[in-house]
Amino acid sequence: NAGVTQTPKFQVLKTGQSMTLQCAQDMNHEYMSWYRQDPGMGLRLIHYSVGAGITDQGEVPNGYNVSRSTTEDFPLRLLSAAPSQTSVYFCASSYSNQGPGTGNTIYFGEGSWLTVV
Amino acid sequence: SQQGEEDPQALSIQEGENATMNCSYKTSINNLQWYRQNSGRGLVHLILIRSNEREKHSGRLRVTLDTSKKSSSLLITASRAADTASYFCATAISGGSNYKLTFGKGTLLTVNP
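Please read all numbers here as calculations on a predicted model, not as lab measurements.

Novice: Give a description of the overall build of chain B that names residues and reports values.
Specialist: Of regular secondary structure, chain B possesses zero helices and eleven strands. The helix and strand sequence of chain B, counted from the amino end, reads β-β-β-β-β-β-β-β-β-β-β. For 113 residues, the compact-globule estimate of 2.2 N^0.38 gives 13 Å, and the C-alpha radius of gyration of chain B, at 13 Å, lies within 12% of that figure. Counting only C-alpha atoms, chain B reaches 45 × 30 × 25 Å along its principal axes. Counting across all 113 residues of chain B, residues that qualify as buried make up 42%. Expressed as a percentage of contacts within chain B between residues at least 6 apart in sequence, the contacts between residues at least 24 apart total 56%. Within the structure as shown, chain B displays about 5200 Å² of accessible surface, and the carbon and sulfur contribution to it stands at 44%.

Novice: Requested: an account of the pattern of salt bridges, with residues and values cited.
Specialist: Under the definition given, this model contains six salt bridges over all chains. Two residues, arginine 44 of chain A and aspartate 38 of chain A, come together in a salt bridge whose shortest N-O distance is 2.8 Å.

Novice: Give a detailed account of the side chain of histidine 47 of chain A, specifying residues and quantitative values.
Specialist: Residue and element names in this part refer to chain A. Along the chain, the position of histidine 47 falls in strand β5 (residues 42-51). Among the residues examined, histidine 47 registers a relative accessible area of 6% and is labelled buried. Here tyrosine 64 takes part through its backbone oxygen, which lies 3.1 Å from a polar atom of the side chain of histidine 47. Residues in contact with histidine 47, not counting those within four places in the same chain, are Ser33, Trp34, Asp56, Gln57, Gly58, Pro61, Tyr64, Asn65, Val66, Phe74 and Leu76.

Novice: Explain the layout of surface pockets residue by residue, including any values.
Specialist: Estimated volume of the largest pocket: approximately 420 Å³. In terms of lining, the largest pocket is formed by 21 residues, of which the most central are Gln37 of chain A together with Gln37, Ser86, Phe88 and Lys105 of chain B. Put simply, the parts of the chain that give the lining of the largest pocket at least two residues each are β4 (31-38) of chain A together with β9 (85-93) and β11 (107-112) of chain B. Per-element tally for the lining of the largest pocket: the top contributor is β9 of chain B, with three residues.

Novice: Could you give an account of the nonpolar core, with specific residues and numbers?
Specialist: Among the nonpolar cores identified, the biggest contains 21 residues, and Leu32, Trp34, Leu74, Ile76, Tyr87 and Leu109 of chain B are the most heavily contacted of them. Filtering out sequence-adjacent residues up to four positions away, leucine 74 of chain B remains in contact with Ala19, Thr20, Met21, Trp34, Leu46, Leu61, Arg62, Val63 and Tyr87 of chain B.

Novice: Can you break down the side chain of glutamine 37 of chain B residue by residue, with the values?
Specialist: Inspection of the secondary structure assignment puts glutamine 37 of chain B in strand β4 (residues 29-37). A distance of 2.9 Å separates the side chain of glutamine 37 of chain B from the backbone oxygen of arginine 41 of chain B, its partner in a polar contact. In this view, glutamine 37 of chain B contacts Gln37 and Phe90 of chain A together with Gly42, Leu43, Ala85, Ser86 and Phe88 of chain B; residues no more than four positions away in its chain are not counted.

Novice: Can you tell me about the sheet that holds strand β6 (residues 55-58) of chain B, naming the residues and giving the values?
Specialist: Residues and elements named next belong to chain B. The strand order β1-β3-β8-β7-β6 describes an open sheet built from five strands, whose pairing is antiparallel. Unpaired on one side and paired on the other, β1 (5-7) and β6 mark the two borders of the sheet. The sheet shows a mean angle of 20° between the axes of neighbouring strands, direction not considered. Judged from the four bridges that link them, β6 and strand β7 (residues 61-66) form a sheet pairing that is antiparallel. Residue pairing across strands places serine 58 opposite leucine 61, the latter belonging to β7.

About the criteria used
Residues numbered from 1 in each chain as written. Chains lettered and ligands numbered in written order. Predicted model: local features only at pLDDT ≥ 70, side-chain atom pairs only at ≥ 80, totals over all residues. Heavy atoms only, no water. Helix = DSSP H or I, 4+ residues; strand = E, 2+ residues; numbered from the N terminus. Rg over C-alpha atoms; globule rule 2.2 N^0.38 Å. Buried < 20%, exposed > 50% of the residue type's maximum accessible area, 1.4 Å probe, protein only. Contact = heavy atoms within 4.5 Å. Areas by Shrake-Rupley, 256 points an atom, 1.4 Å probe, with all protein chains shown as cover. Salt bridge = Lys/Arg side-chain N within 4 Å of Asp/Glu carboxyl O. Polar contact = N/O pair within 3.5 Å; in protein donor to acceptor, adjacent residues only side chain to side chain. 1 Å grid on protein atoms, 1.4 Å probe; cavity = no way out; pocket = protein on both sides within 12 Å on 5 of 7 lines; lining within 4 Å. Points joined across faces, edges and corners; volume = space filled by probe spheres on them. Core = buried A, V, L, I, M, F, W, Y, C linked by side-chain atoms within 4.5 Å. Pairing = 2+ DSSP bridges. Axes fitted to C-alpha atoms, helices over the stretch in contact; angles between N-to-C directions.

Below is the structure:
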């Protein structure tokens, strides 16, 4: 198993550009999520999904869109990049659709470093 | 303090010594989880402790939970250079969304050979 795979690893965008961060998992996990990690802020939940066709907002959803057309993939779209979106983005997944708050282990990808200039 | 705040922010020890990191939180929780993050990598789940548990062990890791003080500690015994990483606690708030974990800012542990 490859686990949780994120692409690209590094990306530089200009303000106003759009892009998609890809996330794929091969563990047949129902729950998938996107976090961003900023210095001094900890990880913050952007969006999550409990199964194909089902998505919901986390703490900081503004400026981001997600979709879940398959169990395996959960792309994160930046609609019009802003410097405030410069961050490290992590995709994470968990087997159960009950969510990590019930005690299910979540597995993180290796991260995508995004710089918006 | 915010929900899930680690202390100290940074810790430097010698190989073979024990490392203790603390996590404090504000609201009641269902469970608390500890994660490790090596530089430039993703987070790796270490151990979970539920609100009705007081202590758990996993290899060289020992986690305690004191719900009356709203705090948890992570002890790494006989530390190794490979333990150098950032350590985060994450809480699942009781009565809150099961789909969200609240992460602290982390403790950076450096183990010197």
